[in-house]
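Examining the three-dimensional arrangement
One-letter residues, chain by chain:
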Amino acid sequence: MQFLVGGLISLLFLVLTPAVNAQSATPSPLPKKAITLVVPFAAGGGTDILARLVARKLETALQQTVIVDNRPGANGVIASQFVERATPDGSTVMFGSNSTHVIAPLLSPEKRALEATRNNFAMISILAVTPLVLAVSEKSQYGNLDQFINAKQPGGLTFGTFGAGSSAHLMGALLAAKQGMKLLHVPYKGSTAAITDLLGGTIDSVFLTAAAISTYVDAKQVRALAVTGTERVGSLPDVPTFKERGISGFENGGWFAMFAPAKTPDNVVAFLNTELHKIIAEPDIQARFPDLGLQKRDATLKEDEALWDESISHMQDVIKQTKIDLN
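Describing the confidence of the model for the chain
Mean pLDDT over the chain works out to 87, with 91% of the residues at or above the 70 mark. Within the model, pLDDT remains below 50 along residues 1-21, and this stretch shows 67 contacts once partners closer than five positions in the same chain are excluded.

Pasting the structure below:
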């Protein structure tokens, strides 16, 4: 999920330093061969960097080679189809998100895409959640969310995101539908391009990840108006959630997760779940989470699966309310 850009680049130095997590003390049920971690986006992007960080740590913990295999295209469908057909023994896993495993199948022209995605994958663990932020330029006349919502702009306002059909696109459309606003979506190939146009006055606002926004807020170039999720973001402590401002429907934020093919043995899934929890809890990773707009998720596998289903239900409602159709 190209949701994380900008700030996540700073994670590169972690990837290049020696991994420090100890080898797992639990006997591994995985086959004794290289593990392939499939990433549904191009190398060098935010999702890829996070995936490679986890892969490096996992390699040390398991004492097995972990190969990152980038298979971009079709909103994650190419990568998903490859993993679906892989041998379900834990040797092939996928670094996915609510973008690849919720939104993309919901917006797919294939009627059975969602059912196939839900049935063909086993959740291993949700690694982190990432709120989205509605923001304007510091030069904007809109000083807070209420002023933005009540704007009397001929033709309405524009909002930029990192792509059509993205979670940010859906959240902007939901805000417009709930508040009776006219918001024109302007999709970009990445967050940086959207922020450049925001600062240049080409667009009125952006809906981006906290990771992409925080640095610009600190530099007094961008004003964050509200964040999705149920709690404030560590890197933006003064920015209220939409719920705090009395607007419901924005509690379900974005997330990153690892998936395996369906029918992967339960003991393999449980083993990988335990190892990933250890990795995400390591101090060098957690030290970066607040600055990057990421939030650690302490949850059981059943709770992660429940969040997956809740996200599907939530996005189904959003698509129904906003009437978004990309086909």
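Topic: the nonpolar core
Counting 66 residues, the largest nonpolar core has Phe 148, Leu 175, Ile 213, Phe 242 and Trp 255 as its most contacted members. For Phe 148, the residues in contact, after removing those within four places along its chain, are Leu 134, Val 136, Tyr 142, Leu 157, Leu 175, Met 181, Leu 183, Ser 205 and Leu 225. Within the second largest apolar cluster, 30 residues are counted, among which are Ile 35, Leu 50, Leu 58 and Ile 280.

Quick look at the pattern of salt bridges
Across all of its chains, the model carries twelve salt bridges by this definition. Notably, a salt bridge pairs Arg 118 with Asp 309, separated by 2.7 Å at the nearest N-O pair. In this pair, Arg 118 is assigned in helix α5 (residues 113-120) and Asp 309 in helix α13 (residues 301-322), connecting sequence segments 191 residues apart. A relative accessible area of 36% places Asp 309 in the partly exposed class. Residues joined in a network through salt bridges with shared partners are Lys 57, Glu 282 and Asp 284.

The rules we used
Counting restarts for each chain: residues are numbered from 1 in the order of the written sequence. Only residues with pLDDT of at least 70 are given local features in this predicted model, and only at 80 or more are side-chain atom pairs given and counted; all residues enter the totals for whole chains, interfaces and linings. In computing side-chain properties, one takes all heavy atoms of the structure into account and sets aside hydrogens as well as water. On a scale of 0 to 100, pLDDT captures the predictor's confidence in every residue. Should any heavy atoms of two residues lie within 4.5 Å, those residues are counted as being in contact. What is meant by a nonpolar core is a set of buried Ala, Val, Leu, Ile, Met, Phe, Trp, Tyr and Cys residues, joined one to another through side-chain atoms within 4.5 Å. Relative accessibility thresholds used throughout: buried, under 20% of the residue-type maximum; exposed, over 50%; partly exposed, between the two (1.4 Å probe, protein chains only). Salt bridge, as used here: a side-chain nitrogen of Lys or Arg that lies within 4 Å of a carboxyl oxygen of Asp or Glu. Helix and strand labels come from DSSP, where a helix needs a run of H or I of at least four residues and a strand needs a run of E of at least two; each type is numbered from the N terminus.

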